[in-house]
Amino acid sequence: MVSNPVHGLPFLPGTSFKDSTKTAFHRSQTLGYRNGYAIVRRPTVGIGGDRLQFNQLSQAELDELASKAPVLTYGQPKQAPPADFIPAHVAFDKKVLKFDAYFQEDVPMSTEEQYRIRQVNIYYYLEDDSMSVIEPVVENSGIPQGKLIKRQRLAKNDRGDHYHWKDLNRGINITIYGKTFRVVDCDQFTQVFLESQGIELNPPEKMALDPYTELRKQPLRKYVTPSDFDQLKQFLTFDKQVLRFYAIWDDTDSMYGECRTYIIHYYLMDDTVEIREVHERNDGRDPFPLLMNRQRMPKVLVENAKNFPQCVLEISDQEVLEWYTAKDFIVGKSLTVLGRTFFIYDCDPFTRRYYKEKFGITDLPRIDVNKQEPPPVKQELPPYNGFGLVEDSAQNCFALIPKAPKKDVIKMLVNDNKVLRYLAALESPIPEDKDRRFVFSYFLATDMISIFEPPVRNSGIIGGKYLGRTKVVKPYSAVDNPIYYGPSDFFIGAVIEVFGHRFIILDTDEYVLKYMESNAAQYSPEALASVQKHVRKLEAPASESESKQTEKDPGVQELEALIDTIQKQLKDHSCKDNIREAFQIYDKEASGYVDRDMFFKICESLNVPVDDSLVKEVTCKRLLLPAFTFPNPVWIPLCGL
């Protein structure tokens, strides 16, 4: 430092001298702390500890000078009158703080924008601490704009406090009526006012922009199709010239798929393709004429366009490397369009001429695409399980809800109430079974057989129904294709096997003889010979029986007399036809027998007088009473036998 120790000399070059012995050049400390607060001190010495060239006053002296009032010669001055009171609405009249802000609004029902940025101006009126929010009006925005919140005092919290200008600053969020506003900046007057009141303002932020509005400000994209050749010449040359191809789409590999035919049109004027469906009458499909509307079909796409969803891709020359042309449509080749593979099997004569003139292809034969129907699969029935009839069990394999097998209605109507009855014996090694007799009833309407065993008193065997109505399968017949017993299998001496039991036919009634006589073609010569032999045996001893009738046992003669008496009582009655029908109705098993109570019940219902004493007498003699001597008699067993 250069000093001038010589007083009175000006501080000019040549009049000052440098102290070469000085080595300290530090400055004195002027910053200190008192009670934890930083304070500024005046330097007491100069640089390097030299004495300052001016008078140094202490802090106390400086404070005394600052508080010392001037004293006039003529005493203390008069106190100045207080300033006039100015109310706030006058002091802050037309003084408004302005803040720039924005808020974000969701747009749920739009595919072009997810949210919207709306810019607003927040005004704070100092005269009454009221606020208002105004959005600048944008022309043709379609949004109600202008004054969003009218001028009023706005609540700051739930306790009833209101917003004050001290709560406002840049870079903060304020919530007004559920909407959050972001304050980004303020005007110059607001900045000066807040700084004058000791408020430190945050740095200003950049106003957020609406993305959709910025997108609309971009220049519109102009689509200019590069012209490699004269399209007008192509249009004029190939106008109304269309290549027609016949194709099929074979989708039989997928579930419920089928092979359908289509017509592919290729328009030479603009290289567009159209695919039409071929509908047949009563094909069960809606008559939509077009599968694909007329358009240009891309063949090879760029790499980026392959991953883009095809349903929303606007195909242009920028996304396509190669388009389908007429040379891609060849008879006998497959073509993939919109994920479907079409096989072209034919074309029209114009198309053949065009390919011959344009590409030199002369061989375009028609390809036969008709598929031969596979042979029908024979339905195989599961093996018979032995329950019920085979026809009934097979119905479970034909439908989900089985139905009863169809019956021969004509046969049932013609043969209604026609029953063939036979007397049979059981072929068994057991001695007790040799004397057992059974009545076979064959129903011509349904080809069913029922077996009834007449009860014999003190035989130890309970008589009655032996077998209900059912079809009986012949032995050694196939399980899947059973053969049932028919009328031709029943003749005298025939062996009938019923579920493992063998029966021998011993006798028939007169109705069977008449049926065999009228339907002799159904029976074998052996069956007819057995019946004729049986008839001769019955006629031969007729004369002998009459001669021996007088020598019969008196008990037998009495029984025959009783039977003749009851028969006369019934035959002489006027409604004998009704009696016969009544006996057939109540004989539900078609066994030829009814009990005594049923006999009296039938006679009582038809008002037929019958002597009870005669019936009881016949009961005691344990004989069977033939009620009628018609071709098909009804046998009535009496109770107590």
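In the block above lies the structure referred to throughout.
Residues numbered from 1 in each chain as written. Predicted model: local features only at pLDDT ≥ 70, side-chain atom pairs only at ≥ 80, totals over all residues. Heavy atoms only, no water.

Caption draft 1: The layout of surface pockets, seen in detail. In this structure, the second largest pocket occupies an estimated 550 Å³ of space. Listed by contribution, the elements that provide at least two residues to the lining of the second largest pocket are β6 (115–125) and α4 (211–217). Among the residues making up the lining of the second largest pocket, the classes are represented as 7 nonpolar, 5 polar and 9 charged. (1 Å grid on protein atoms, 1.4 Å probe; cavity = no way out; pocket = protein on both sides within 12 Å on 5 of 7 lines; lining within 4 Å. Points joined across faces, edges and corners; volume = space filled by probe spheres on them. Helix = DSSP H or I, 4+ residues; strand = E, 2+ residues; numbered from the N terminus. Nonpolar A, V, L, I, M, F, W, Y, C, P; charged D, E, K, R; others polar.)

Caption draft 2: Spatial organisation of the sheet that holds strand β13 (residues 272–277). If you trace the 6 strands from one edge of the open sheet to the other, you get β14-β13-β12-β11-β18-β17, paired in antiparallel fashion. Two strands in the sheet have a free side with no partner beyond their single neighbour: β14 (290–295) and β17 (334–337). Taken pair by pair, the neighbouring strands of this sheet meet at an average axis angle of 35°, ignoring direction. The pairing of strand β12 (residues 259–267) with β13 spans 6 bridges and is antiparallel. Its bridge partner lying in β13, Y267 is registered against T272. (Pairing = 2+ DSSP bridges. Axes fitted to C-alpha atoms, helices over the stretch in contact; angles between N-to-C directions.)

Caption draft 3: Spatial organisation of unusual backbone geometry. Within the chain, K94 stands out as a residue other than glycine whose phi angle is a positive 60°. Of the residues examined, K94 reaches a relative accessible area of 74% and is grouped as exposed. Although it is not a glycine, D271 adopts a positive phi angle of roughly 60°. You can see D271 is positioned in the loop between β12 and β13. (Buried < 20%, exposed > 50% of the residue type's maximum accessible area, 1.4 Å probe, protein only.)

Caption draft 4: A look at the nonpolar core. Y422, F440 and F490 are the most contacted members of the largest nonpolar core, which has 26 residues in total. The set of elements that each furnish at least two residues to this core consists of β19 (419–427), β20 (437–443), β21 (448–453), β23 (495–498), β24 (501–508), α10 (510–518) and α11 (525–539). Looking at this core, the element that brings in the most residues is β19, giving 4 residues. If you look at the next biggest cluster of nonpolar residues, it comprises 25 residues, including W249, M297, V331 and Y355. (Core = buried A, V, L, I, M, F, W, Y, C linked by side-chain atoms within 4.5 Å.)

Caption draft 5: Just the packing of aromatic side chains, in detail. Tallying each qualifying case throughout the model produces 21 aromatic pairs. Ring centres 6.4 Å apart and planes at 20° place the aromatic pair F189 and F193 in the stacked group. Here F189 pairs with F193, and both are found in helix α3 (residues 188–196), just 4 residues apart, close to one helical turn. Since its relative accessible area comes to 36%, F189 is described here as partly exposed. Overall, the relative accessible area of 11% leaves F193 in the buried class. Pairing Y262 with F342 gives two aromatic rings, centres 5.3 Å apart and planes at 90°, and the pair type is edge-to-face. (Phe/Tyr/Trp six-rings, centres within 6.5 Å; stacked < 30°, edge-to-face > 60°.)

Caption draft 6: Expanded view of a nonpolar patch on the surface. Together, V409, I410, L413 and V414 make up a nonpolar patch on the protein surface, roughly 420 Å² of accessible area in all. As for its placement among the helices and strands, V414 is situated in helix α9 (residues 409–414). Among the residues examined, V414 registers a relative accessible area of 52% and is labelled exposed. (Patch = residues over 30% accessible without salt bridge, like charges linked within 9 Å, V, L, I, M, F, W, Y side chains within 5 Å. Areas by Shrake-Rupley, 256 points an atom, 1.4 Å probe, with all protein chains shown as cover. Salt bridge = Lys/Arg side-chain N within 4 Å of Asp/Glu carboxyl O.)

Caption draft 7: Quick peek at helix α7 (residues 349–358). Among the residues of α7, T351, Y354 and Y355 are the ones counted as buried. What you see down the axis of α7 is that its buried residues fit within an arc of 95°, all on one side. The exposed set on the far side of α7, more than 90 degrees from its buried face, consists of P349, K356 and E357. Against the buried residues of α7 lie β11 (242–250) and β18 (340–347). (Arc of directions from axis to C-beta. Contact = heavy atoms within 4.5 Å.)

Caption draft 8: Here's a closer look at the pairing of β19. Along β19, 7 of the 9 residues are buried, which leaves the element largely enclosed by surrounding structure. For β19 and β24, the ladder comprises 6 bridges, and the chain directions are antiparallel. By the bridge assignment, L423 is partnered in β24 with D507.

Caption draft 9: Representation of α3 within the structure. For α3, the full list of buried residues reads T190, F193 and L194. Across the axial projection of α3, the buried residues extend over an arc of 95°, all falling on one side. The exposed set on the far side of α3, more than 90 degrees from its buried face, consists of Q188 and S196. Buried residues along α3 sit in contact with β5 (96–106) and β10 (179–186). Looking one or two places after α3, you find G198, whose phi comes out positive at around 85°.

Caption draft 10: View of the pairing of strand β4 (residues 37–40). Strand direction decides the pairing type here: strand β3 (residues 31–34) and β4, joined by 4 bridges, are antiparallel. The partner of G32 across the bridge, within β4, is I39.

Caption draft 11: Focus on the pattern of salt bridges. Under the counting rule described, the total for this entry stands at 24 salt bridges. Taking the shortest distance from any N to any O, the salt bridge between K156 and D167 comes out at 3.2 Å. Taken together, the residues K156 in the loop between β8 (146–152) and β9 (172–176) and D167 in the loop between β8 and β9 connect sequence positions 11 residues apart. Given a relative accessible area of 35%, K156 falls into the partly exposed group. Of the charged contacts, one joins E205 and R182 as a salt bridge, the two residues approaching to 2.5 Å between their closest N and O atoms. Of this pair, E205 sits in the loop between α3 and α4 while R182 sits in strand β10, and the two are 23 residues apart along the sequence. Several salt bridges share partner residues, and in doing so they unite E105, E113, R116, R118 and E135 into one network.

Caption draft 12: Representation of the sheet that holds β8. The sheet built from 6 strands is open, its strands ordered β8-β7-β6-β5-β10-β9 with antiparallel pairing. Each edge of the open sheet is held by one strand with a lone partner, namely β8 and β9. Going from strand to strand, the sheet's axes swing by 30° on average, the running direction of each strand aside. Two elements, β5 and β6, share 11 bridges in a ladder whose sense is antiparallel. In the strand pairing of β6, F103 is matched with R118.

Such coordinate-based values are descriptive only and should not be taken to indicate function.
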